[in-house]
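Secondary and tertiary structure notes
Here is what each chain is made of, one letter per residue.
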Amino acid sequence: MGCRVISTVVTGIGGGAIAIQDFRLQEWVDSVTGLVALGGLIFGCGLPGWAIVRWVFNFIEKNRDAGIDEVAKEVREVL
């Protein structure tokens, strides 16, 4: 559970900062509505990090008893 929250927060902060800089949204901090919108953007940027961590954990759990050759073969098929 903790890893999912941490990955969401880190991805949200990093991805949100990149999005804010890229779209030049810094002036939104001058109003409460703008801050709320930036918070939503930061939250939205955190969701892909959460999804990736969930996919990785599910993959690990699914292949818990598999050998390294089987895991490598499945990863190669996905990529």
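Predicted, not measured: the structure shown is a model, and the values here were computed from it. (Residues numbered from 1 in each chain as written. Predicted model: local features only at pLDDT ≥ 70, side-chain atom pairs only at ≥ 80, totals over all residues. Heavy atoms only, no water.)

Moving on, we get to the overall build of the protein. On a plain count of helices and strands, the protein comes out with 3 helices and 0 strands. Along the protein, helices and strands appear, N-terminal first, in the series α-α-α. Taking 79 residues into account, the globule formula puts the C-alpha radius of gyration at 12 Å, and the protein, at 18 Å, lies well above it. For the C-alpha atoms alone, the extent of the protein along its principal axes is close to 55 × 25 × 10 Å. Taking all 79 residues of the protein together, 20% fall into the buried category. Residue pairs at least 24 apart in sequence account for 54% of intrachain contacts in the protein once pairs closer than 6 positions are excluded. Carbon together with sulfur atoms contributes 69% to the accessible area of the protein, which is approximately 6,100 Å² in total. In the protein, 7 side chains carry a positive charge and 9 a negative one; their mean positions are 4 Å apart. (Helix = DSSP H or I, 4+ residues; strand = E, 2+ residues; numbered from the N terminus. Rg over C-alpha atoms; globule rule 2.2 N^0.38 Å. Buried < 20%, exposed > 50% of the residue type's maximum accessible area, 1.4 Å probe, protein only. Contact = heavy atoms within 4.5 Å. Areas by Shrake-Rupley, 256 points an atom, 1.4 Å probe, with all protein chains shown as cover. Lys, Arg positive; Asp, Glu negative; His and termini not counted. Charge placed at Lys NZ, Arg CZ, Asp CG, Glu CD.)

Here we come to the pattern of salt bridges. In total, this model carries 2 salt bridges according to the counting rule given. One salt bridge in this structure joins Glu-61 and Arg-64, with 2.6 Å as the shortest N-O distance. Taking the relative accessible area as the measure of exposure, Arg-64 reaches 56% and is therefore exposed. Here Lys-62 makes a salt bridge to Glu-74, at a shortest N to O gap of 3.0 Å. (Salt bridge = Lys/Arg side-chain N within 4 Å of Asp/Glu carboxyl O.)

Judged by side-chain polarity, Ile-52, Trp-55, Val-56, Phe-57 and Ile-60 come together as a nonpolar surface patch covering roughly 510 Å² of accessible area. Counting through the fold element by element, Ile-60 comes out in helix α2 (residues 32-62). Relative accessible area serves as the criterion here: at 47%, Ile-60 is assigned to the partly exposed category. (Patch = residues over 30% accessible without salt bridge, like charges linked within 9 Å, V, L, I, M, F, W, Y side chains within 5 Å.)

Shape is all these values report; function is a separate question.
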